[in-house]
Amino acid sequence: MWNGITFDSWYERFSRFAGDLYPGRYTAEYVRELVEMARRVRALAGEKSSTIVAHNYQYPELQEVAETVGDSLGLSQYVARQATPRVDFCGVLFMGETAKTIVGDRSRVYMPDRPGCSLVASIDQSRLDNWTSHHPDGVIISYVNTDAATKARSHYVCTSRNAPQVMAHAAREFPGRRILFLPDKYLGAFAISQSGVDPDRVDLYDGACHVHMKIGETALEEALDRHPDAELLIHPECGCASSCLAKTVVAGPAHGKAYYLSTEQMLWHARNSPSREFVVATEMGMVYRLRKDVPEKTFHPISMLAVCEYMKMNTLEKLLDSLERDRVEILVDGEIQRRAHAAIRRMLEIE
Ligand code: 13P
Ligand code: SF4
């Protein structure tokens with residue numbers, strides 16, 4: 001399975017699919033170093049019986065060395081099915097914590113680093129206490145981009161793939177009670193519009209992802225001017241999601257081609273769409289995944305600025321170091337783990 005780690009195949013693939021995304025990164029010399037490190041990573045993963053997984057926003061070399069690549073929900077479900085004593089999670093810290101919450105004592109979870117996330121950072125527990133104290137019977141839905149302590153005080157967790165379904169389910173299960181959605185106001189607004197839940201019943205926390213918030217309507221319209229035949233693949237965390245959605249409803253010609261998708265749903269959509277060309281409105285790691293998995297179609301990043309510096313804190317060098325020295329282990333407090341796991345399980349039962 002890992003015989004594909006050769007200089008020729010990686011150099012060809014990175015030059016073809018990632019050269020414009022990461023200008024100057026994939027020189028022949030650096031790819032040679034990456035291939036050496038990747039072979040050591042795979043050998044160590046074998047020795048230590050580790051399952052390596054990577055989020056769609058990770059650097060290409062981390063996507064290549066992982067056993068599976070996916071979105072937050074897909075990776076959580078994948079990790080839940082593994083029985084290996086070790087998991088090496090290439091993503092941001094809340095994802096590693098979610099994996100640890102799910103596997104509990106069954107496996108040790110390691111990461112190359114401990115990258116944060118601006119959505120997680122937007123949650124302040126005292127502000128949250130204040131917010132929830134105004135709605136003591138509120139039903140809390142936390143986006144998976146939260147820390148374990150916030151998940152533990154939530155009724156449900158959701159991801160970008162299932163936020164509308166979770167919101168609709170919560171509204172049915174708890175009739176008459178307010179729904180408190182946190183932390184991403186753009187994903188929350190998208191979930192309200194797709195779930196059919198009365199907007200007056202939902203309170204949205206005022207958080208946003210700094211990478212997606214910058215992707216506004218102007219960026220989309222400029223991208224469509226450059227690529228008029230392309231479909232738009234829009235992550236619902238984007239600052240433009242609600243306004244573009246409103247336009248889609250009246251089906252202006254351009255916005256009629258917009259789709260609101262989690263990262264993994266973008267891949268499924270691109271495979272099945274009759275369209276040959278797409279503008280990808282999310283972090284640019286996703287563009288590499290799409291180009292590699294659907295090579296017969298064309299994918300344009302929405303902007304060269306759509307880079308999550310947290311996701312990019314993980315490198316193959318750090319993954320190798322963490323595997324060699326058992327360095328960055330992720331732990332979650334027992335009681336928090338138990339309660340956060342219950343909120344995650346409630347989400348998985350809705351699927
Ligand atoms: P996905 O669940 O769509 O992969 O999104 C995670 C994320 O962090 C988006 O910024
Ligand atoms: Fe967090 Fe935004 Fe980075 Fe996703 S892209 S991990 S939401 S900071």
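In what follows, the accompanying structure is described. The structure displayed is predicted, hence computed values, not measured ones. (Residues numbered from 1 in each chain as written. Chains lettered and ligands numbered in written order. Predicted model: local features only at pLDDT ≥ 70, side-chain atom pairs only at ≥ 80, totals over all residues. Heavy atoms only, no water.)

**Section: the overall build of the protein chain**
Counting its secondary structure elements, the protein chain contains 17 helices and 13 strands. Computed over the C-alpha atoms, the radius of gyration of the protein chain is 20 Å, within 12% of the 20 Å expected from 2.2 N^0.38 for a compact globule of 351 residues. In terms of principal-axis extent, the alpha carbons of the protein chain reach across some 60 × 50 × 30 Å. Across the 351 residues in the protein chain, those meeting the buried criterion constitute 60%. For the protein chain, restricting intrachain contacts to residue pairs at least 6 apart in sequence, the fraction spanning at least 24 positions comes to 68%. Taken together, the 41 basic and 47 acidic charged side chains of the protein chain have centroids lying 3 Å from each other. (Helix = DSSP H or I, 4+ residues; strand = E, 2+ residues; numbered from the N terminus. Rg over C-alpha atoms; globule rule 2.2 N^0.38 Å. Buried < 20%, exposed > 50% of the residue type's maximum accessible area, 1.4 Å probe, protein only. Contact = heavy atoms within 4.5 Å. Lys, Arg positive; Asp, Glu negative; His and termini not counted. Charge placed at Lys NZ, Arg CZ, Asp CG, Glu CD.)

**Focus: the site of ligand 2**
In the vicinity of ligand 2 there are 13 residues, among which Cys117, Asn145, Cys209, Glu237 and Cys308 approach most closely. Mapped onto the shell around ligand 2, the elements with two or more residues apiece are α6 (118-121) and α11 (210-213). The residue inventory of the shell around ligand 2, partitioned by class, reads eight nonpolar, four polar and one charged. (Near = heavy atom within 4 Å. Nonpolar A, V, L, I, M, F, W, Y, C, P; charged D, E, K, R; others polar.)

**Thoughts on the packing of helix α1 (residues 7-18) against helix α15 (residues 285-293)**
Running from N to C, α1 and α15 point in directions that differ by 115 degrees, and their axes come no closer than 9 Å. Here α1 runs over α15; the crossing is right-handed. Residues Arg13, Phe14, Phe17 and Ala18 of α1 pack against Tyr288, Arg291 and Lys292 of α15. Here the residues of the contact of α1 with α15 are counted per class, giving four nonpolar, no polar and three charged. (Axes fitted to C-alpha atoms, helices over the stretch in contact; angles between N-to-C directions. Left-handed = near helix turned anticlockwise from the far one by under 90°.)

**Observations concerning the sheet that holds strand β10 (residues 258-260)**
Each strand in a sheet pairs with another by means of backbone hydrogen bonds, the pair being arranged parallel or else antiparallel. Read across the sheet, four strands follow the order β10-β9-β11-β12 without closing on themselves; strand pairing throughout is parallel. Unpaired on one side and paired on the other, β10 and β12 (298-301) mark the two borders of the sheet. Averaged over all pairs of adjacent strands, the angle between strand axes in this sheet comes to 25 degrees, irrespective of strand direction. Pairing geometry for strand β9 (residues 231-234) and strand β11 (residues 277-281), over four bridges, is parallel. Its bridge partner lying in β11, Glu231 is registered against Phe278. (Pairing = 2+ DSSP bridges.)

**Brief notes about the pattern of salt bridges**
Applying the stated criterion across every chain, the model contains 24 salt bridges. Of the charged contacts in the structure, one is a salt bridge between Glu64 and Lys292, with a shortest N-O distance of 3.3 Å. Here Lys292 lies in helix α15 and Glu64 lies in helix α3 (residues 60-65), a separation of 228 residues in the sequence. Overall, the relative accessible area of 9% leaves Glu64 in the buried class. In the salt-bridge network here, residues are joined through shared partners; they are Lys48, Arg86, Asp88 and Asp326. (Salt bridge = Lys/Arg side-chain N within 4 Å of Asp/Glu carboxyl O.)

**Looking at the pairing of strand β5 (residues 139-143)**
For β5, the buried fraction is high: five of the five residues fall into the buried class. Taking every second residue as pointing to the same face, both faces of β5 are buried, with Val139, Ile141 and Tyr143 on one and Ile140 and Ser142 on the other. Judged from the four bridges that link them, β5 and strand β7 (residues 179-182) form a sheet pairing that is parallel. In the sheet register, Val139 faces β7, and the bridge partner there is Ile179.

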